[in-house]
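Chain by chain, the residues:
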Amino acid sequence: MPNPILEMRGIGKRFPGVVALEGVGLEVHTGEVVALIGENGAGKSTLMKILGGVYQPDEGEILIEGRPTRILSVSDANALRIGFIHQELNVLENLDVAGNIFLGREPRRGRGLFSRIDRRRMYAEARKYLERLGMNTPADTPLALLSIAQQQMVEIAKALSQDARILIMDEPTSSLTLSETERLMSVVKELRAQGVSIIYISHRLGEVKELADRVVALRDGRNAGRLAREEVTHDRMVKMMVGRDIESFYAHADGGQGASRFAVRELRTRRYPQHAVTFDIRDGEILGLAGLVGAGRTEVAHAIFGVEPAVGGTLTLGGETIVVRSPGDAIRHGIYLIPEDRRRCGLNVEELIRKNVTLPALERYSSVGVVRTGDERRVSQKVCDQLGVKAPSVEVRAGNLSGGNQQKVVLAKWLSLDPRLLIFDEPTRGIDVGAKAEIYDLMRRLASQGVAVLMVSSDMEEVLGVSDRVAVMHEGRLTGILERDECTEEAVMRLAVGHTDGARVDALEKR
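If you're wondering where the values come from, they're calculated on a predicted model, not measured in any experiment. (Residues numbered from 1 in each chain as written. Predicted model: local features only at pLDDT ≥ 70, side-chain atom pairs only at ≥ 80, totals over all residues. Heavy atoms only, no water.)

Draft legend 1. Spatial organisation of the environment of Asp425. Along the chain, Asp425 falls in strand β21 (residues 421-425). Note on Asp425: relative accessible area 2%, which makes it buried. Distance in space between the C-alpha atoms of Asp425 and Met455 is 6.1 Å, their sequence separation being 30 residues. What Asp425 contacts, discounting residues up to four positions off in sequence, is Thr298, Leu337, Ile338, Pro339, Glu340 and Val456. At 3.3 Å, the side chain of Asp425 and the side chain of Thr298 are in polar contact. (Helix = DSSP H or I, 4+ residues; strand = E, 2+ residues; numbered from the N terminus. Buried < 20%, exposed > 50% of the residue type's maximum accessible area, 1.4 Å probe, protein only. Contact = heavy atoms within 4.5 Å. Polar contact = N/O pair within 3.5 Å; in protein donor to acceptor, adjacent residues only side chain to side chain.)

Draft legend 2. Layout of the nonpolar core. Judged by nonpolar contacts, the single largest core of 67 residues is most densely connected at Phe262, Phe279, Ile304, Ile335, Leu421, Leu422 and Met443. Of all the elements, helix α15 (residues 433-448) adds the most residues to this core, at seven residues. Not counting the four nearest positions on each side in its chain, Phe279 is found in contact with Phe262, Ala263, Val264, Arg265, Leu287, Val300, Ile304, Leu454 and Ile481. Tyr129, Met153, Leu184 and Ile198 belong to the second-largest nonpolar core, a separate cluster that totals 37 residues. (Core = buried A, V, L, I, M, F, W, Y, C linked by side-chain atoms within 4.5 Å.)

Draft legend 3. Fine view of the pairing of strand β16 (residues 312-317). Examined bridge by bridge, strand β13 (residues 260-268) and β16 share five bridges and lie antiparallel to one another. Within the sheet, the bridge partner assigned to Val264 lies in β16 and is Leu315. The pairing of β16 with strand β17 (residues 320-322) spans three bridges and is classified as antiparallel. Its bridge partner being in β17, Leu315 is matched across the sheet by Ile322. (Pairing = 2+ DSSP bridges.)

Draft legend 4. A look at the sheet that holds strand β3 (residues 33-37). If you walk across this open sheet you meet the six strands as β6-β9-β10-β3-β11-β12, and the pairing is mixed. This sheet does not close on itself; its edge strands, each paired only once, are β6 (82-85) and β12 (222-228). With strand direction ignored, the average angle separating the axes of adjacent strands in the sheet is 20°. By the bridge criterion, four bridges tie β3 to strand β11 (residues 214-219) in an arrangement that is parallel. Paired with Ile37 across the bridge in β11 is Ala217. Where helix α8 (residues 234-242) meets the sheet, it contacts β3, β11 and β12, and its direction lies at approximately 30° from that of β11. (Axes fitted to C-alpha atoms, helices over the stretch in contact; angles between N-to-C directions.)

Draft legend 5. Molecular detail of the sheet that holds strand β1 (residues 6-15). Taken in spatial order, the four strands line up as β2-β1-β4-β5 in an open sheet, and their pairing is antiparallel. Edge positions in the sheet fall to β2 (18-28) and β5 (67-69), since each has one partner strand and no second. Taking the axes of each pair of neighbouring strands and ignoring which way they run, one obtains an average angle of 30° across the sheet. Looking at chain direction, β1 and strand β4 (residues 59-64) are connected through five bridges and run antiparallel. Bridge pairing in β4 places Met8 opposite Ile62. Relative to the sheet, helix α1 (residues 44-51) contacts β1, β2 and β4, its axis offset from that of β1 by approximately 115°.

Draft legend 6. Highlighting the packing of aromatic side chains. The full count for this structure, using the stated rule, is four aromatic pairs. With 5.3 Å between their ring centres and 70° between their planes, Phe15 and Tyr55 make a pair best called edge-to-face. Linking Phe15 in strand β1 with Tyr55 in the loop between α1 and β4, this pair joins segments that are 40 residues apart in sequence. Since its relative accessible area comes to 30%, Phe15 is described here as partly exposed. The partly exposed category is assigned to Tyr55, whose relative accessible area is 26%. Summarising the aromatic geometry, the rings of Tyr336 and Trp414 are spaced 4.6 Å apart at their centres and angled 5° between planes, so their arrangement reads as stacked. Taken together, the positions of Tyr336 in strand β18 (residues 335-338) and Trp414 in helix α14 (residues 403-415) put the pair 78 residues apart, joining distant regions of the chain. (Phe/Tyr/Trp six-rings, centres within 6.5 Å; stacked < 30°, edge-to-face > 60°.)

Put into structure tokens, the structure is as follows:
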């Protein structure tokens, strides 16, 4: 086999009080997809930030095409044609789509002081990369108007525009729907065929199994094992990542056979006022809400929680009709939302874990306007211990935690308030397999304890593995509800593209 295009040998990296990497090695050949897997905190992103010039290693060396190379900055990485699609969005909402794709590399007309951006050329070039990803979004669209999934696709288009020969993809599908994911995976295969070397980081092991030529696992900042293409299985990857077998990954039980716990009748959202949505969540049930981007799933979740109040319809919780016009109304009724973008909408990442957990109900911890810090600490520590939040104490900044532990803090915030309905919007986006198993188990336990659970998810494995029933939406309409024994990928996708399950929808609308 020819020499690898990339070798990382004995890489070590330390931060104050933490050994992030110790003696880590990685090699990638030309036109090869190497999947890098591991739990949050295993060191994957740190290793890739060293390759991308964000961090400098404390030990070890990097060789590009056999030559020792120092990568001292992101500019150095770009000059070596190393592209990086970051897990956390790295976009500017005050610019349009094309401006984000070519930021710092804008095509120009003229020279020197008299040069200016050639916008016509920039928009034409941007359209080529957007079309390659199957996006029909105009290149002059302000980024602030796009969904998280669309912004992620813009990040990917930016990386493609850099003509990388080594492309790092860190959770590139974490915000994408099934159809967008399939398109991206096709692009990855095209790039491999063109000789681009790809380091693919993902917690979605189905994607890894389909794409990877080899799999490299990290655990606690060290190499934990390697798998050749023919050795890659879900169970072997999980065991390498966590050091143990995870039994019953989706923790599925025969839930959802009881009476209605929460009911939505003729709900009309601001985005789709012409379509009324009706469904129930049964006692002990997790109801999955599936659909493609723009289907209206998040709008339904936001209407139930009062972020964007519904323009019509009724909500019934525990047999009582309730009115929700704001998140405050929802919280008073015990309805809580775990949002898709936890860092922007679910947490104050600059604040302590303790303050995040107690923020929604500070009056419970206050006397004559003074917060009782001891009570805050006791309650927040108790619920964080129940959820297995990995942190030295609740006096740590939430922003210092891994993605999975941040998600647990968002959950801790609501669990301390005795929820009656929990809405999970993309509950495991960007978190590792071990944390996923814990969250699935928690969702199941909550449902069995009488909490109504609505799960909005774009991860087909998750939808099929966790849900007792699946409600599917298309362009603001509920196209069908599938019972557990009817839930297949084909059945969900048929409804997601607009083929209505007419009999079941009609029956629901007559209730």
